[in-house]
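Fold and contact review
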Amino acid sequence: MTSPNRQIVFDNVSKFYGEVLGVNRVSFALDPGITSLVGPNGSGKTTLLNLLTGLIKPTRGSMHVLGLTTRQPMELFRQVGYCTQFDSFPPGITGYDFIFWPLRLHGFGREQAARLTEEAVERAGMTQVARRKVAGYSKGMRQRIRLAQAIAHHPSVLVLDEPLNGLDPIARAEAIALFDSLARQGMHVIISSHILEEVDRISDRVVLMSSGYVVAEGQIREVRQEVRDHPMQILVRCSNAARLASAAFELNHVVEAKILNDGRGVLIRTRDAEQFYLLLNKIVSSGLIEVDAVAPADDDVNSIYQYLIGSIGGPT
Amino acid sequence: MNRRDPITRAKEWTQKQPWELYATQIFVLMRNEIRRNLFTRRRLWVYLLAVIPVVILLIQLAFAHHTADPFYIETQTRVLARIVHLYYVRLGIFFACMGIFTWLFRGEMVERTLHYQFLVPVRREVLVIGKFLAGTLVSIFLFESAVLACFYLSYDRFGAAGRSYILDGPGLHQLGAYLLVTALTCIGYGSVFLALSLLFKNPIVPGLVLMGWETIAPILPAWAQRLSVTSYLRHLCPVQLPAEGPLAIFTVVAEPVAPVLAILGLLCLSVAVLVLSCFLIDRIEITYTAE
């Protein structure tokens, strides 16, 4: 079992903004590695990250980062780097200064701060433009310079709020490789993202959030297993969705048949996929319905997440 | 547990603090604050507040030649006293400090950059002190430069008589007093506006209430006057102005309090307000959407 001094611990944490719920009764402990927070907008991901870094205070409960609390900023922020979602910068600042001066606040001398700054901009692929003003950067460049600032002081915990937003595919792949290499060095990397396919590939564990609650949490395989024990979803795109849904409902193992918004498909939830495929074959061979596509909808975190929160509806 | 324990604990706490790091952090914070927020075009109106009397004196110098007669030195001394007492202390520095010090934190909330200050290993108290010192440095530099310019323009016109008034007469003492009053005004108002900006989302209205408070302070009981910045300054003014006409309500009426006590009183008030700010900053949360 990992020592609490190496873990990130949320202990029954709740945060209310007046009467509005941010997150409620969140409890979990994270070991080093890549952890992904997954959930739709407003699910409480950013609130959780802001609580972790002391930008907001919990209404109830407590958090510990490697045994430190947010009341110990001198120690905590030597260990933590946070790349926020706020796309704003001090007016008139250059990319270089944006990294250099916070390093000086860490207590690094001029030379060491300069060395760390150059190293960080290089890791973020920003060396060529670091001396330019941030106001002239593209969205992707601004994202990368924030990432560079977050990693410049070699933190043990890297917190990233939607870090892949605005990055082009190459930069995105580079960022993912960087997160992966940092995690392999024993760091905590916490990523909030709605780009689920990428999260799926790089995460050691996931925390699924919905409406301020943690709906599932654990190693990605455990979460998958949890889903396997529940009805599987199959998406069928066809010419007569109503007739297929009606036929599917006659089978005992089908628990739900949801017609898609465009009326050209059905999302089936069944406890016996093989039996459903047999029925589908019969219907197709009878010529009553033309089937355009059949696809299992439970292959990635996206579907796990959609199953668990059950609020988005079927794909259209 | 004996009575020396708190003292011993305080000593241990003091020895444990990384004072050198705090000093570096305050220096960096001041440097950043001055470069990013204070010496910028958006602060032009603050510079204007400082130079308005200088411009008026220049105009007077250009068009009212008779005022260069040494006979008018005493008149000019009263004019200068009015400029410092009635304009700089009551209006110019008041509004400049409102602009400078309320923007130190509130401005960063509006620009959505305050989180960068909260995500570095800096105690929030150090943040308050660094920003306060930056604002103080800028306001003192601006207004002391303006007061110096006013003083020069007031007496230079008199030639040898003016120089004699400064070097052999009370001029130099008055200059020192004006500079001291200017610096203390910046410190006093600065600390109050910094605290107001942490207490209120829109510190303008409380600022105007403060102005009303400062205006009626001379007629309040002695204990209430101790909570007014200008009540301390009146004891440091080198030239007493008679309370007459419609401006009487703004005129500082002197009471016999030793200057040292007045200086210490104002500094204590400022430190108390800064300590309050240190508590207030700890309550601040980054919820930009609420701004």
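Residues numbered from 1 in each chain as written. Chains lettered and ligands numbered in written order. Predicted model: local features only at pLDDT ≥ 70, side-chain atom pairs only at ≥ 80, totals over all residues.

**Remarks on the interface of chain A and chain B**
In this complex, chain A contributes 25 residues to the contact, which on the side of chain B involves 21 residues. Within the residue set of the side of chain A that touches chain B, elements represented by two or more residues are helix 2 (73-79) and helix 3 (95-106) of chain A. Per-element tally for the side of chain A that touches chain B: the top contributor is helix 3 of chain A, with five residues. A class-by-class count of the residues in the side of chain A that touches chain B yields 14 nonpolar, eight polar and three charged. (Contact = placed C-beta atoms within 7 Å. Helix = DSSP H or I, 4+ residues; strand = E, 2+ residues; numbered from the N terminus. Nonpolar A, V, L, I, M, F, W, Y, C, P; charged D, E, K, R; others polar.)

**Comments concerning the pairing of strand 2 (residues 20-30) of chain A**
The side chains of a regular strand alternate between both faces of the sheet. Residues and elements named next belong to chain A. When strand 1 (residues 8-17) meets strand 2, the two strands line up antiparallel, connected through seven bridges. Its bridge partner lying in strand 2, Val13 is registered against Val26. Taking the residues that link successive antiparallel strands as the turn, the strand 1-strand 2 hairpin has two residues, and the phi of Gly18 there is positive, at about 65°. (Pairing = 2+ DSSP bridges.)

**Observations concerning the sheet that holds strand 3 (residues 33-38) of chain A**
Residues and elements named next belong to chain A. Taking strand neighbours across the sheet as the criterion, the six strands line up as 5-6-7-3-8-9 in an open arrangement whose pairing is mixed. With one partner strand each, in any of the chains shown, strand 5 (80-83) and strand 9 (213-219) form the two edges of the open sheet. Ignoring which end each strand starts from, the neighbouring axes of this sheet average 15° apart. Packing against the sheet, helix 1 (residues 45-52) makes contact with strand 3, strand 6 (157-161), strand 7 (188-193) and strand 8 (205-210), and its axis sits at approximately 150° to strand 6. Most of the contacts of helix 6 (residues 169-184) go to strand 7, to which it runs at about 145°, and overall it touches strand 3, strand 6 and strand 7. (Axes fitted to C-alpha atoms, helices over the stretch in contact; angles between N-to-C directions.)

**So, the packing of helix 3 of chain A against helix 4 (residues 110-123) of chain A**
Residues and elements named next belong to chain A. The N-to-C vectors of helix 3 and helix 4 enclose an angle of 135°; their axes lie 9 Å apart at closest approach. One element, helix 3, and the other, helix 4, form an angle in the oblique class. As helix 3 runs across helix 4, the sense of the crossing is right-handed. Each of Gly95, Tyr96, Ile99, Phe100, Leu103 and Arg104 in helix 3 lies in contact with helix 4, whose residues at this interface are Ala113, Ala114, Leu116, Thr117, Ala120 and Val121. Of the residues contributing to the contact of helix 3 with helix 4, the split by class is nine nonpolar, two polar and one charged. (Parallel < 35°, antiparallel > 145°, perpendicular 65-115°, else oblique. Left-handed = near helix turned anticlockwise from the far one by under 90°.)

**Considerations on unusual backbone geometry**
All names here are of chain A. Phi angles above zero are rare outside glycine, and Leu66 is one such case at about 50°. The residue Leu66 is located in the loop between strand 4 (60-65) and helix 2 in this model. Positioned with a positive phi, Glu162 is a non-glycine residue whose angle comes to about 50°.

**Side note on the sheet that holds strand 4 of chain A**
Residue and element names in this part refer to chain A. Spatial ordering of the open sheet is given by 2-1-4, a layout of three strands whose pairing is antiparallel. Looking at strand neighbours, the two that pair on one side only are strand 2 and strand 4, the edges of this open sheet. On average, adjacent strands in this sheet sit at an angle of 20° to one another, irrespective of strand direction. Bridge count between strand 1 and strand 4: five bridges; the pairing is antiparallel. When the sheet's bridge partners are listed, Ile8 is paired in strand 4 with Val65.

**Points about the nonpolar core**
The biggest cluster of nonpolar side chains holds 135 residues, and the ones touching the most others in it are Ile99, Ala148, Leu158, Val159 and Val189 of chain A together with Ile93 and Cys97 of chain B. With 15 residues, the single largest contributor to this core is helix 4 (residues 73-110) of chain B. Not counting chain neighbours up to four residues away, the residues in contact with Ile93 of chain B comprise Tyr88, Ser139, Phe143, Thr182, Thr185, Cys186 and Tyr189 of chain B. Core analysis: the second largest hydrophobic core is formed by 14 residues, Val236, Ala245, Leu267 and Ile268 of chain A among them. (Core = buried A, V, L, I, M, F, W, Y, C linked by C-beta atoms within 7 Å. Buried ≥ 20, exposed ≤ 12 C-beta atoms within 10 Å, placed from the backbone.)

**Here's the deal with the confidence of the model for chain B**
Per-residue confidence for chain B gives a mean pLDDT of 87; residues scoring 70 or more make up 91%. Scored by ipTM, the complex comes to 0.83, with pTM at 0.82. (pLDDT = per-residue confidence, 0-100.)

**Considerations on the pairing of strand 12 (residues 265-270) of chain A**
Residue and element names in this part refer to chain A. Most of strand 12 sits inside the fold, with six of its six residues counted as buried. In strand 12, alternate side chains face the same way, and those of Gly265, Leu267 and Arg269 on one face and Val266, Ile268 and Thr270 on the other are all buried. With six bridges joining them, strand 10 (residues 232-238) and strand 12 adopt antiparallel strand pairing. Counted as the bridge partner of Met232 is Thr270 from strand 12. Between strand 11 (residues 254-259) and strand 12, which pair antiparallel one after the other, the connecting turn spans five residues, and Gly263 there sits at a positive phi close to 70°.

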